[in-house]
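Observations on the model geometry
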Amino acid sequence: MLKRGHELKLVYPQALAAPEAFEGLAFDRFSLQPMDGPEVAENTARAIDYCLRHPQWRLSVQTHKSLGIR
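From a predicted model like this one, the values you see are computed outputs, not experimental measurements.

Things to note about the side chain of Ser60
- As for its placement among the helices and strands, Ser60 is situated in the loop between strand 3 (57–59) and helix 2 (63–66).
- Within the structure, the side chain of Ser60 is placed 3.5 Å from the side chain of Lys9, a separation counted as a polar contact.
- Beyond its immediate stretch of four places on either side in the chain, Ser60 contacts Lys9, Ser31, Leu32, Gln33 and Pro34.

So, in structure tokens, the structure goes:
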């Protein structure tokens, strides 16, 4: 597992990969990407809420999916 670098991007939520487990690593940027699928709207809301409560994390969205480009 990489422990340092420029950006750590984590798909959120994942039962076995809580963001708290990664906060001590030496990355310049920490990004949360909402998990796609049938619950994408709920996952996006949860990721936004998490980022607002934990400013170390930034929201990362897949713009191409919002635009319908797969």
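Quick look at the sheet that holds strand 3
- Reading across from one edge, 1-2-3 is the order of the three strands in this open sheet, with parallel pairing throughout. Both outer strands of the open sheet, strand 1 (4–12) and strand 3, are each paired with one neighbouring strand and no more. In this sheet, adjacent strand axes meet at a mean angle of 30° when their direction is disregarded.
- One ladder, built from three bridges, connects strand 2 (residues 26–34) with strand 3; its direction is parallel. By the bridge assignment, Leu32 is partnered in strand 3 with Leu59.

Calculation criteria
Residues numbered from 1 in each chain as written. Predicted model: local features only at pLDDT ≥ 70, side-chain atom pairs only at ≥ 80, totals over all residues. Heavy atoms only, no water. Helix = DSSP H or I, 4+ residues; strand = E, 2+ residues; numbered from the N terminus. Polar contact = N/O pair within 3.5 Å; in protein donor to acceptor, adjacent residues only side chain to side chain. Contact = heavy atoms within 4.5 Å. Pairing = 2+ DSSP bridges. Axes fitted to C-alpha atoms, helices over the stretch in contact; angles between N-to-C directions.

Coordinates in, geometry out; function isn't part of it.
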